[in-house]
Each structure stands twice: as structure tokens, then as C-alpha cells.
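If you want the building blocks of each chain, they are given just below.
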Amino acid sequence: MITLRSASAVTTCGFALLAIALIAATIHVATPDYAGIRAGRVDAGYLESNNCRKCHEGNYASWHATFHRTMTQDANPQSVLGDFEHQNTLTYQGVRAEMVRENGRYWMKLTGVDGKKQQLEIGRTVGSRRIQQYLTKNGDQWARLPIAYDLVQRRWMHLNGSFFYPDGSDYRQHLTEWNSNCVFCHNVKAQPHLDWTDRSWNTEVAELGIACGACHGPAGEHAQQALSPVTRYRWHMKDLAAPSLEVTNPAKLDSDRSAMVCGHCHGQRLPEPRDRIHTMMSDGDPYDAGKNLLEFYRPVQREDKIGSFSFGSRFWQDGSPRLTAYEYQGMTRSKCFRAGKPGQRITCISCHEMHGGDPRGQLTKKMKTNAACTQCHQQFATPVQLVEHTKHLAESSGSLCYNCHMPSIVYGVMSAHRTHDITIPRPDETVRVHKPNACNQCHLDWSVNRAIAASQRLWPNAFIESKSGDEYFDEPEGQRALFAGDAVTRTLTAAAMTPANDVTGPLLLEAMQDRYPIVRYFAANALAAQYPAMPKPDYLASSEKRSATLQGWYPLFMPERLRAAKEARERLSANRTEVDVEVGE
């Protein structure tokens, strides 16, 4: 028989159970379904970085400070870095561009030579380190606009000033389709969604910019498991019986798979097999961090072609990359990589730190020194050993490993970069394959033949088979490469001359006559670095305006050096071969 007191107890118990059930139901409703996120799509399981932040605040903060994060952004007051209010016009090839902000929206207004006007809304930004490019949307298609903002020089520029095309090139040639190209490396898990029947797009990405998913892959299941404090505790205690972490950590992959995570974007590639491009454009990028990249793609090499288009101009004649975005190809062809045991050899994060270091290159202070190389090459760790090896003073630039084994012979956006094809310096490569060599990157006043002779004298066993070139390579290499090389070589040579001096200054003034704006860009920067009080020549200005500015520079230098520089330019440039280079970024 139930008494009043026992009935009351039952009632209380019932209410308690009901409350627990309601709380449980509320928690269930409020619990995110991370495991089912984007189910059925190519990017199933991919989280946005804000979801990762909830548990990984430190890693989120260090990633947030990188230029990866800001690679692609929606246009807003925080992301737009160009000057849309004051110095906001550029006239190039007779076309006037005016960049304005109106009612919180950003516009590029173009007035053609014929007076016709066009107004294009800027919807997204690309880049935030050296230049910022801008995207406009036309129906279902995103396109890159031809005017960008130079973040270093704080000025507007035409993209002819960043790519290797001469004056007079098509004003709109850099109006690139974003959906089929840029989207694959500048965002997480690209899905172009091209409808091949009517050529329409419905492009999506898991996240704009290069965020957590690009390196860690789909983490939905991991986040779902992490909702349980018990599971998190077991992970923390390294309980082997705990549920799998279900997330990729490049630092815990074997070295080859780890390098592929970076090589996915820092190693321009072709679909493998080639006809896979059809499904990639329809569905999306099939690669996830941690997988074998070579099952989906083949890194581009010098001999590759797509129809009549050749990638050859993006590489030196020996196959070494001469543009950025090919770092993976450079590293994997180097002896430092090939001599190692598969899975246990040099990889990107042997030197680069993804959650630390200087955002400009993501190297720590230590990894900017010879410590990067003495990780493996301990035989050169002491000053005595180093000098014996380099034949240069221990504290000199000639004893910095990078300068000899990774010289700055690669062009990136508005800058010279170190090659990742780690080799020994060979001056004779300039003779054999017209590739800049490390010795003459510093010894610009030496000829290549002199550098070859010096290397044979200092390291007779290593260079016994090196052969000198003809009298053409008796020229001081600085002026020979600056005037006789192709546009990439001339650009890198002008960069190597920064800052200018009494000898290189007259040569750089002559380089301001170059037909390629990008060569003039580096020449002007080299001059301005040494003479900041002088009016800086405008590399995008007409030849008449440049000449007027240069008149003020000539009195700085000895007349005989000016005459010799002009004679060298006219003589050496007469027979050079020009090759326009599509950078592909």
C-alpha cells in the first residue's frame, strides 16, 4: 500500500527523472553534429577554423597570424588593404583605373582609351603580404582584376608589373578565371561544380583562405569524439584503447606524406590520370591531407605540356624550378631528399614551423641560421669546420649555408626566393644550362669563368670536371646576366644588386630602359635602397616619364661608368632571346 509520504517520494523521483531527461534532450539538441557536417559532399567532415578554435586556441592564434589565413577573403574594411580613398587611381596604357569605396562596397572603375567606362564591384581579396589582388563576380563566375595593390611600395600597380610580359601587352591578359584555377590552392577543399553542358559554375569551398582543413584534413569525427570529456581525458593520458583521433597531423606522418601536404599547393600539379580533370571540375579536389598525393596528381615538370602550352619556361634548363609554387619539385629532386630513406628524410617541416616563427616564411630565428643544415650535417657545426668547408670567414655571408646551397634564383610575387633544389654551387651551370649560380649571386663583378676557376682552385676534387665557357662568359656576370639573360634572369640579377652601389648603379639605370616592367621594378628598388632621398623611378611609367626622372640620377655616378653601362646594355641585349613566362599564380 502506498502511503502519502511514499507517493510524494515517487512524485519527487519522477520529477527528477523528467528533469534529467529534459536536460539530456536539451544537450542532445544543442550538441553539434560535427561527424555529419557536409555529409555526401566532397568536403564531408571538413570543419571551419572557428570550430577548431574551441579546443585549440593556441594553434588557432598562431595560424591566425599567418599569411595563409588571409589568402582569400570576402571584401570588407578589415580585409581590403588597398588605398581606396586617397592615392586611388592608376593610368596605365592609357586606361584609367579608379578604386573607390561607396556605401560600404568596393569598386574598380575603368575608363578605356576610347572613353568607354566599366564599373566592377570587388567582392573578394587575394593575398595580404606583398600584393593584394581583387576578384569580381560576373554571374556565376569569379575573375581576377588586372589592377592590384603593391603592399610593399604602397601603390596601385598593373599585374604586368608582377608577371613576365613586356610593355604593350594586353591590358586584360591577367583577367583570370578564379573558379577553374586559383580556387584550388588558395582555399580549403575546392569544389568548382562546373556544369559541362552549359559551362556554368556553382563553386564552393570548405573555407576561404588556407585554414586548418588544408593541413589537417576532415576533422568532423575527431570533433564529435572530443565532445566527450572522458574521451578527451583518455587522449590526454595517451590511452591506447581510446577512440582514434581521426585527424591528420603532418608532424606525425612519415616524411614523404608530410611533404605532400605542403606539395599539394607548393608544387603545381597535373591530374593523374590527366582525364581526372573532368571529375575534379565537376565534383572537387579529391586529395585530403595525409593521403598519397601521387595517387591523384603528378607534379608538373619542365617537359610537360597541355595542348600547345608548355611549362618549360617555368624551369631552368636542368629541370630545376625558377618560379615559386614549385618548392615541392625542388626539394624532391635534391640530394638531401633523394639520399634519405623513404618516409624518414628531409621534409618541409624539417625547417618551417606552421604554428610559429616569422610569418614571412614561417621560419624561427634558429632555422634562419646554419642550424637548419647542421641538423643533419654535424660535420660543419663548429666555426673551424665551417671555414674549412666554405673557404669563407665564419661570420660572412659566404658561410651561410643557404647562400651557397639554396641561392635566391627563384622568382615569386614581387620578390626573389631561395631555391628548394638543394645542391652544391656550380658556376659551370651558368655555362651549361644558363642557370644563375650561387657564387656569382654574391660576386657580381666576377665573370662566370673566374668563378669556375676559383671553385676548381678551392675545391679541386669537387670541381675537377668543370669546364669554362667561351669569351662570352668572361664578362662580369652582373652586367652579362642583367642585359643578356631572359626576363627572369634579368629580374633576379637586379634583385641580387640590391642595394645599388657605385659600380652597379649605372647598370641599374640602364636596366630602367628594359621592356619588361618587372625588371624595372627590381632595378628601381635597388637604386632607391641605396639612395632613398632621390626621386624613385616609376617602373610602370612611360619611357618619357622614366627618362625625365633618371636625368636627376646620372650626376651621382662617374661619366665613364655611365658610358660603359650603356655600351654593355646595347651590346649584350642585341642578341638575347626573349621568352614570356606565365607565372601561373
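This is a predicted model, so every value here is computed, not measured.

Next up on the list: the nonpolar core. Core analysis: the largest hydrophobic core is formed by 75 residues, its most contacted members being Phe164, Tyr411, Met414 and Ile518. In terms of residue count, helix α20 (residues 517–530) provides more of this core than any other element does, eight residues in total. The residues touching Ile518, leaving out its near neighbours within four places in the chain, are Gly161, Ser162, Phe163, Phe164, Tyr411, Met414 and Thr491. Residues Cys182, Phe184, Leu194 and Ala259 belong to the second largest nonpolar core, which totals 26 residues.

Another point: the layout of surface pockets. In this structure, the second largest pocket encloses a volume near 1,200 Å³. Along its surface, the second largest pocket is lined by 44 residues, and His56, Asn59, His216, Val247 and Thr248 are the ones closest to its centre. A class-by-class count of the residues in the lining of the second largest pocket yields 24 nonpolar, 15 polar and five charged.

Moving on to the sheet that holds strand β2 (residues 89–92). With antiparallel pairing, the four strands of this open sheet are ordered in space as β2-β3-β4-β5. Only two strands of the sheet have a single neighbouring strand rather than two, namely β2 and β5 (117–122). This sheet shows a mean twist of 20° between the axes of neighbouring strands, independent of strand direction. Across seven bridges, the pairing between strand β3 (residues 95–102) and strand β4 (residues 105–111) is antiparallel.

With that settled, the discussion passes to the confidence of the model for the protein chain. Of the residues in the protein chain, 95% reach a pLDDT of 70 or more, and the chain-wide mean stands at 93. Here residues 1–7 scores under 50 on pLDDT; set against residues more than four positions off or in separate chains, the count is one contact. Across residues 19–29, where pLDDT falls below 50, the model places zero contacts with residues more than four positions away in sequence or in other chains.

This brings us to the packing of aromatic side chains. For the coordinates displayed, the defined rule picks out 19 aromatic pairs. Between Tyr287 and Phe296, the ring centres sit 6.4 Å apart and the planes meet at 70°, which makes this aromatic pair edge-to-face. Residues Tyr287 and Phe296 agree in their burial class; the two are buried. Their ring planes at 75° and their centres at 5.0 Å tell us that Tyr521 and Tyr539 sit as a pair that is edge-to-face. Taken together, the positions of Tyr521 in helix α20 and Tyr539 in the loop between α20 and α21 (543–550) put the pair 18 residues apart, joining distant regions of the chain. For the pair Tyr521 and Tyr539, one class covers both residues: buried. Aromatic rings pair up to connect Phe84, Tyr106, Tyr134, Tyr149 and Trp156 into one cluster. Sitting over the ring of Tyr297, Arg269 keeps its end group 4.5 Å from the ring centre. Of note, Arg322 hangs over the ring of Trp316, and the distance from its end group to the ring centre comes to 4.8 Å.

Further remarks concern the side chain of Thr248. For Thr248, the position within the fold is in the loop between α6 (229–236) and α7 (255–263). A polar side-chain atom of Thr248 sits 3.0 Å from the main-chain carbonyl oxygen of Ala289. Excluding residues that lie within four positions of it along the chain, Thr248 makes contacts with Cys215, His216, Leu253, Ala289 and Gly290.

Below, the discussion takes up the environment of Arg322. Looking at the element boundaries, Arg322 is found in the loop between β18 (309–310) and α9 (327–333). For the pair Arg322 and Lys116, spaced 206 residues apart in sequence, the C-alpha separation works out to 39 Å. Not counting chain neighbours up to four residues away, the residues in contact with Arg322 comprise Ser313, Arg314, Phe315, Trp316, Ile409, Val410, Tyr411, Asp486, Val488, Thr489 and Val581. Among the polar contacts made by the side chain of Arg322, one reaches the side chain of Asp486 at a distance of 2.9 Å.

On to the pairing of β4. A loop of two residues connects β3 with β4, the two strands running antiparallel in sequence, and Asn103 in this loop sits at a positive phi of about 55°. In this sheet, β5 lies alongside β4 in antiparallel orientation, the contact comprising six bridges. Its bridge partner being in β5, Met108 is matched across the sheet by Leu120. Count of turn residues in the β4/β5 antiparallel hairpin: five residues, of which Gly115 carries a positive phi of about 90°.

Moving on, we get to the pattern of salt bridges. The tally for this structure, following the rule as stated, stands at 35 salt bridges. We note a salt bridge from Arg569 to Glu510, for which the minimum N-O separation is 2.5 Å. In this pair, Arg569 is assigned in helix α22 (residues 559–572) and Glu510 in helix α19 (residues 504–511), connecting sequence segments 59 residues apart. Judged by its relative accessible area of 8%, Glu510 falls in the buried class. A network of salt bridges, in which partner residues are shared, links Arg38, Arg41, Asp43, Glu48 and Glu204.

With that settled, the discussion passes to the packing of helix α17 (residues 477–484) against helix α18 (residues 487–496). The contact between α17 and α18 brings their axes to 7 Å, and the two run at 140°. Here α17 is positioned oblique relative to α18, judged by the angle of their axes. The crossing of α17 and α18 is left-handed. Counted together, Gly478, Ala481, Leu482 and Phe483 of α17 and Thr489, Arg490, Thr493 and Ala494 of α18 form the full contact between these two elements. Across the contact of α17 with α18, the residue classes break down as four nonpolar, three polar and one charged.

Moving on to unusual backbone geometry. Negative phi values dominate among residues other than glycine, just as trans dominates among peptide bonds. Residue Pro273 is reached from Glu272 by a cis peptide bond, and omega for that bond is -5°. Structurally, Pro273 is set in the loop between β15 (269–271) and α8 (277–282). Omega for the bond connecting Thr498 with Pro499 falls within 30 degrees of zero, at 0°, which places this linkage in the cis form. Counting through the fold element by element, Pro499 comes out in the loop between α18 and α19.

Here the focus is the environment of Gln133. Tracing the sequence through the fold places Gln133 in strand β7 (residues 131–138). Separated by 26 residues in the primary sequence, Gln133 and Leu159 place their C-alpha atoms 8.9 Å from one another. In this structure Gln133 touches Arg124, Thr125, Val126, Arg144, Ala148 and Leu159, once residues within four positions along its chain are discounted. Among the polar contacts made by the side chain of Gln133, one reaches the side chain of Arg144 at a distance of 3.1 Å.

The rules we used
- Residues numbered from 1 in each chain as written.
- Predicted model: local features only at pLDDT ≥ 70, side-chain atom pairs only at ≥ 80, totals over all residues.
- Heavy atoms only, no water.
- Core = buried A, V, L, I, M, F, W, Y, C linked by side-chain atoms within 4.5 Å.
- Buried < 20%, exposed > 50% of the residue type's maximum accessible area, 1.4 Å probe, protein only.
- Helix = DSSP H or I, 4+ residues; strand = E, 2+ residues; numbered from the N terminus.
- Contact = heavy atoms within 4.5 Å.
- 1 Å grid on protein atoms, 1.4 Å probe; cavity = no way out; pocket = protein on both sides within 12 Å on 5 of 7 lines; lining within 4 Å.
- Points joined across faces, edges and corners; volume = space filled by probe spheres on them.
- Nonpolar A, V, L, I, M, F, W, Y, C, P; charged D, E, K, R; others polar.
- Pairing = 2+ DSSP bridges.
- Axes fitted to C-alpha atoms, helices over the stretch in contact; angles between N-to-C directions.
- pLDDT = per-residue confidence, 0-100.
- Phe/Tyr/Trp six-rings, centres within 6.5 Å; stacked < 30°, edge-to-face > 60°.
- Lys NZ or Arg CZ within 6 Å of the ring centre and 35° of its normal.
- Polar contact = N/O pair within 3.5 Å; in protein donor to acceptor, adjacent residues only side chain to side chain.
- Salt bridge = Lys/Arg side-chain N within 4 Å of Asp/Glu carboxyl O.
- Parallel < 35°, antiparallel > 145°, perpendicular 65-115°, else oblique.
- Left-handed = near helix turned anticlockwise from the far one by under 90°.

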